[in-house]
Amino acid sequence: MSTTFSLPFLLILTITLTCEFSTQIAASFSIKEATIDDIQLAFHQNKLTTTQLVNFYLQQIHRLNPLLRAVIELNPDARYLAEKADRERKAKAHRTLPSLHGIPVLLKDNIATKDKLNTTAGSYALVGSVVPRDAGVVGKLRRAGAIILGKASMTEWAAFRSSFLPSGYCGRTGQGKNPYVLSADPCGSSSGSGISVAANLVAVSLGTETDGSILCPSSANSVVGIKPTVGLTSRGGVVPISPRQDTVGPMCRTVRDAVYVLDAIVGFDYYDKATRAAARFIPKGGYKQFLKRDGLKGKRLGIVRNPFFTFGNDQGSVVARAFKRHIYTLRRKGAIVIDHLEISNITEIVNGYESGEQFALLAEFKPAINAYLKQLVKSPVRSLADLIAFNKRFANLEKTKDYGQDIFESAESMNKTNADKILKLALPNLNVLSRNGLEKLVRKRNLDALVSPFDIVRSSSFSSLLAIGGYPGISVPAGYDSKGVPFGICFGGVKGSEPKLIEIAYGFEQATKIRKAPLFKS
């Protein structure tokens, strides 16, 4: 039986003793579904303290995590940090505090923290390892006043260990569950981040994406996910797959909250060279200025029907009807929707083997993960070969289900010469597909964004279109199928188009307000 998370006894005792008091607080101010603005206003009006907020989330996690398996570890210093934030707020009552001051955050377990938390990518192989420093985005969160509450579960090794690994499964927690329909796919690999925000275990989380791992779990768990332009947020201190495609982004219940977090985590980091080039995309004054209720007005939105709008079953028909209404809403709110567009070579683009994406990821993974493991201050494993050996030993001990490690083994079998040959062929092809695909269509039709349904069926196609070029996307709740499983709408664009995407996503969200709290259906 795998452990779900670790929590010191005294912290459990404190939570138990404060349960009744925190419930009374929640009666006068509802923490469930509260936004960052709601929480900050409650702080300002002395209706809520950070300590009470943290205690509430800890209670929620203790109550629901045995069912949802969304959290791997909790920060044993969480209450201390909350009390510190309360003291700072009291001392600086008439002065400006950082934007996320006192706001708890859960981090996907591949984002490093230099504290008492492990960073393991969901694997026992890295338990006890010591990172040299906070990940770049974590340092920015701390400077913005956020409190690191703990680590969210994830598809182990960001779904890059085995092609047979279920979405949301990792050895340390078991199978993550979708809070809307427990038997439904929570999607991965940032599954725990999406589940936690949806189920009110926290208001703010961070996920990472190589291809679909923010956008898909955001859609599946009815939350907002922003996949930033590659390099806009630092990957320094993040367990890697591909430096060319990896990105870090917020997962929250509203577009506004996600934008607040995006503002906090973007920018240059010495440990990620890509952030220097991408910094040119960051607008003066940040992203909050693009939260406009009329953000859809005048926007040119493109719809590529094939293959993103193919609906073939009962679930698909529900999605199809919803998107017919959504297209009407987009137009009613002033958007110019240009339908039935085509992207040349779209079949090749969305097939990772035809485009070369999957081969490129395999070639990039081994040197990237070896470099990450070697820079750890302390670690039981120092290379991909060590990881493979550990997993074989661990499987023999029958500690967790053995889903194999065929992706690991394929990457390890690739020597540098072969990897270089693959990249020499694959990368130019991916660049050509990007230029002649999304970029060409956006330029030719003067589009602000492409729009697509984003459910489990269609997610991999649209996410691959964005992934291979390092393009940004935002997923917003768009509805629920006949069983109650959520699906999203995704807006994607060229590099640096976050301002337009935020206007579009916020305009859509405010016009529809579809999201509802989960019911935990069996």
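Bear in mind the structure is a predicted one, so any value in this text is a computation, not a measurement.

### Thoughts on the overall build of the chain
For the chain, the helix and strand inventory stands at 19 helices and 13 strands. A compact globule built from 522 residues should have a C-alpha radius of gyration of about 24 Å, and the chain, at 22 Å, falls within 12% of that. Overall, the chain is about 60 × 55 × 45 Å in size when its C-alpha atoms are taken along their principal axes. Here the chain, with 522 residues, has 61% of them falling under the buried criterion. Within the chain, contacts between residues separated by at least 24 positions form 77% of all contacts whose residues are at least 6 apart in sequence. Total accessible area computed for the chain in this model is approximately 20600 Å², and 54% of it derives from carbon and sulfur atoms. Where the 68 positive side-chain charges of the chain centre and where its 43 negative ones centre are 4 Å apart.

### Focus: the sheet that holds strand E11 (residues 449-454)
Read from one edge to the other, the open sheet built from eleven strands follows the order E1-E3-E2-E6-E8-E7-E12-E13-E11-E9-E10, with strand pairing classed as mixed. Of all strands in the sheet, those bounded by a partner on one side alone are strand E1 (71-74) and strand E10 (336-341). Sheet twist, expressed as the average angle between the axes of neighbouring strands with direction ignored, equals 30°. Summarising the sheet, strand E7 (residues 224-227) and strand E12 (residues 473-480) pair through three bridges and their orientation is antiparallel. In the strand pairing of E12, Ile226 is matched with Ile474. Across the sheet, helix H19 (residues 498-512) lies against E7, strand E9 (300-304), E11, E12 and strand E13 (486-492), angled at about 15° from E12, the strand it touches most.

### Describing helix H3 (residues 50-68)
Where H3 bends most, the angle comes to about 35°, and this point is His62, followed within four residues by the proline Pro66. For H3, the tally of buried residues reaches 15 of 19 residues, placing the bulk of the element in the interior. After H3 finishes, the residue Arg69 shows a positive phi value of roughly 55°.

### Let's talk about the side chain of Asn118
Here Asn118 shows up in the loop between strand E2 (104-108) and helix H5 (136-143). Classification of Asn118 as buried rests on a relative accessible area of 16%. From its side chain, Asn118 meets the backbone nitrogen of Gly128 in a polar contact 2.9 Å long. For Asn118, the contacting residues outside a window of four places in its chain are Glu73, Asp109, Leu126, Val127, Gly128, Ser129, Lys151 and Arg172.

### Topic: the confidence of the model for the chain
Residues of the chain with pLDDT of at least 70 account for 93%, and the chain-wide mean is 93. Throughout residues 1-24 the model reports pLDDT below 50, and contacts reaching past four residues in sequence, or to other chains, amount to 48 contacts.

### Let's talk about the state of the cysteines
Within the structure shown, the criterion is met by one disulfide. There is a disulfide in this structure between Cys187 and Cys216, and the S-S distance comes to 1.9 Å. Handedness here is read from the sign of the S-S torsion; for Cys187 and Cys216, about 100°, the answer is right-handed. Here Cys187, found in the loop between strand E5 (174-175) and helix H6 (191-198), pairs with Cys216, found in helix H7 (residues 215-220); they are 29 residues apart in sequence, far enough to count as distant. Cys216 sits in the buried class, given a relative accessible area of 5%.

What counts, and at which threshold
- Residues numbered from 1 in each chain as written.
- Predicted model: local features only at pLDDT ≥ 70, side-chain atom pairs only at ≥ 80, totals over all residues.
- Heavy atoms only, no water.
- Helix = DSSP H or I, 4+ residues; strand = E, 2+ residues; numbered from the N terminus.
- Rg over C-alpha atoms; globule rule 2.2 N^0.38 Å.
- Buried < 20%, exposed > 50% of the residue type's maximum accessible area, 1.4 Å probe, protein only.
- Contact = heavy atoms within 4.5 Å.
- Areas by Shrake-Rupley, 256 points an atom, 1.4 Å probe, with all protein chains shown as cover.
- Lys, Arg positive; Asp, Glu negative; His and termini not counted.
- Charge placed at Lys NZ, Arg CZ, Asp CG, Glu CD.
- Pairing = 2+ DSSP bridges.
- Axes fitted to C-alpha atoms, helices over the stretch in contact; angles between N-to-C directions.
- Bend = angle between axes of the 7 residues up to and from the residue.
- Polar contact = N/O pair within 3.5 Å; in protein donor to acceptor, adjacent residues only side chain to side chain.
- pLDDT = per-residue confidence, 0-100.
- Disulfide = S-S within 2.5 Å.

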